[in-house]
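Spelled out, the chains give:
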Amino acid sequence: MKALCWHGKKDIRYDTVPDPVIEHPRDAIIRTSACAICGSDLHLFDGFMPGMKHGDIMGHEFMGEVVEVGSENKALRIGDRVVIPFTIACGECDQCRRGRFSVCERSNRNAEQAAKLFGHSTAGLFGYTHLTGGYAGGQAEYVRVPYADTTHIRVPDSLSDEQALFLGDIVPTGWQAARQCDIQPSDTVAVWGAGPVGQMAVRSALLQGARQVVCIDRVPERLRMAREAGAEVIDFERQSVLEMLADLTAGKGPEKCIDAVGMESHATRTFDALYDRAKQAVGAETDRPHVLREMIYVCRPAGVLSIPGVYGGLIDKIPFGAAMNKGLTWRMGQTDVRRWTDELLDVIARGELDPSFVITHSEPLQRGPEFYTTFRDKADGCIKVVLKP
Ligand code: NAD
Ligand code: ZN
Ligand code: ZN
């Protein structure tokens, strides 16, 4: 079959690879009808996440039709149309029973390696390094789905692929980011990043009843898309994030802050000055947790920092004293996808959200390698790429 494979930094190729086979009786094989490139894929593409090997199949946002089912899998039949959550969940361990599928205790087949790094293993993920199980990803014609009897979302006939696909990742990611904020009717929610995750977080925060949502980015078409949903927007390159947020909240600061950017954030003008002073004072180097620093600084005391943005390892010079003394709550994680998707299917059925709004490019899988670059560079107005085998 054909698949998009990782061959090193900025090197994704459309390769011919062996077809997947059933390896365990709970598995299923699906024929991919649509898949997408996620911001998390960019961390692999840009070479920031360790643990990839030459030839690894990329992709963790995908859907399709079941073409083969393992002997113990009673939940699926050939022909079923499913979206596959990017977090692989056994459905039976302690964490899965609590709905914390992103930290499933069984699905990571390289659990020992992961535990050495993080203290504990986290769930297996598709197409996302050997630290999360080294599972072949979904930017491929066919995918083997482990624990497929629990790791799937059945798609109603009424939804097109474009409307359903993102239930596997960015829709529940934005929703969980907002849920983690425990939104009150008087809240201002500030969302850093107007990429696909930020877009879903903006809409989720509004649907969950925020009084005001503010979205911060520097890409005009992404800010426009957030504004169309009802958010106030801040262009961090042309405006002061600190001043604008103060103005919009009568000087109080947003109660809830969402980091939908993660480890590859750009420094914002307003914060550079503060940060540079600290950096000079201690004379050390740093990573790129600009958004985290800014959130800690602007968040209203007793507020919440919700972090769906992905971080890989160690970050430097976090003003933890400010966070502690302001009494901030930190909530974060990979998304417990299946935990939210029944609720989200209802939201979509009621017409409150049509996730396909975010798609700017729909291309054959074969053109995947060039569209990694287009998406990363935000070229050609690119916000979200869907690929079809
Ligand atoms: P993206 O790269 O398209 O979007 C990131 C956006 O952040 C860009 O528009 C960029 O201009 C903006 N940005 C950069 N620096 C900024 C700053 N200082 N302030 C404000 N905005 C800034 O990616 P995406 O697909 O939207 O994903 C966003 C993040 O969410 C990534 O880190 C991704 O790995 C993560 N993610 C996490 C989960 C999860 O389960 N927690 C799931 C999906 C994606
Ligand atoms: Zn993702
Ligand atoms: Zn589990």
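Residues numbered from 1 in each chain as written. Chains lettered and ligands numbered in written order. Predicted model: local features only at pLDDT ≥ 70, side-chain atom pairs only at ≥ 80, totals over all residues. Heavy atoms only, no water.

K.L.:
Is there a simple way to explain helix H5 (residues 170-179) in this structure?
P.N.:
Residues three or four positions apart in an α-helix share a direction because the helix packs 3.6 residues into each turn. Most of H5 is tucked away, with nine of its ten residues classed as buried. Of all the positions in H5, only Ile170, Val171, Pro172, Thr173, Gly174, Trp175, Gln176, Ala177 and Ala178 are classed as buried. Turning to H5, the residues buried within the fold contact strand E5 (61-69), helix H6 (196-207), strand E14 (256-259), strand E15 (304-307) and helix H12 (337-349). (Buried < 20%, exposed > 50% of the residue type's maximum accessible area, 1.4 Å probe, protein only. Helix = DSSP H or I, 4+ residues; strand = E, 2+ residues; numbered from the N terminus. Contact = heavy atoms within 4.5 Å.)

K.L.:
Mind showing me how you'd approach the coordination of the zinc ion (ligand 3) here?
P.N.:
Each pair of donors in an ideal four-coordinate tetrahedral metal site encloses 109.5 degrees, whereas pairs in an ideal six-coordinate octahedral site enclose 90 or 180 degrees. Only Cys90 (SG), Cys93 (SG), Cys96 (SG) and Cys104 (SG) from the protein coordinate the zinc ion (ligand 3), and they sit 2.3 to 2.4 Å from it. For the zinc ion (ligand 3), the four donor atoms in the first shell make angles of 105 to 116° at the metal, so the coordination geometry reads as tetrahedral. The sequence pattern describing where the donors of the zinc ion (ligand 3) fall on their chain is C-x2-C-x2-C-x7-C. Taken individually, Cys93 and Cys96 each receive the classification buried, so the pair is uniform in this respect. (Donors = N, O, S within 2.8 Å, 3.2 Å for Na, K, Ca; no water. Tetrahedral: all angles 85-135°; square planar, octahedral: opposite > 155°, others 65-115°.)

K.L.:
Which parts of the structure should I look at to understand the UniProt feature "domain: Alcohol dehydrogenase-like N-terminal" (unreviewed entry) in the chain?
P.N.:
Mapped onto this structure's residue numbering, the UniProt feature "domain: Alcohol dehydrogenase-like N-terminal" (unreviewed entry) falls at residues 25-152. Annotation note: span residues 25-152, helix share 15%, strand share 25%, distance between end C-alpha atoms 15 Å. (UniProt positions renumbered as here; feature names shortened; annotations may be inferred.)

K.L.:
Mind showing me how you'd approach the pairing of E15 here?
P.N.:
The side chains of a regular strand alternate between the sheet's two faces. A two-sided burial pattern is seen for E15, the buried positions comprising Val304 and Ser306 on one face and Leu305 and Ile307 on the other. Relative to E15, E14 runs parallel, the two sharing three bridges. When the sheet's bridge partners are listed, Cys257 is paired in E15 with Leu305. In terms of strand pairing, E15 meets strand E16 (residues 329-332) through four bridges, oriented parallel. Its bridge partner lying in E16, Leu305 is registered against Trp330. What joins E15 to E16 is helix H11 (residues 320-325), and the crossover it makes is right-handed. (Pairing = 2+ DSSP bridges. Right-handed = clockwise from strand over helix to strand, strands pointing away.)

K.L.:
Quick question: what am I supposed to make of the site of ligand 1 here?
P.N.:
Lining the immediate surroundings of ligand 1 are 33 residues, of which Ser40, Asp217, His266, Pro308 and Thr335 lie closest. Taking Pro196, its main chain carries an N or O atom lying 3.1 Å from an oxygen atom of ligand 1. One of the backbone nitrogen or oxygen atoms of Ile216 is found 3.4 Å away from a nitrogen atom of ligand 1. Considering ligand 1 on its own, with 870 Å² of exposed area, one finds that the protein chains cover 97% of that surface. Taken together, the elements giving at least two residues each to the shell around ligand 1 come down to helix H1 (39-45), H6 and strand E12 (212-217). The dominant element in the shell around ligand 1, judged by the number of residues it contributes, is H1, at four residues. (Near = heavy atom within 4 Å. Polar contact = N/O pair within 3.5 Å; in protein donor to acceptor, adjacent residues only side chain to side chain. Areas by Shrake-Rupley, 256 points an atom, 1.4 Å probe, with all protein chains shown as cover.)

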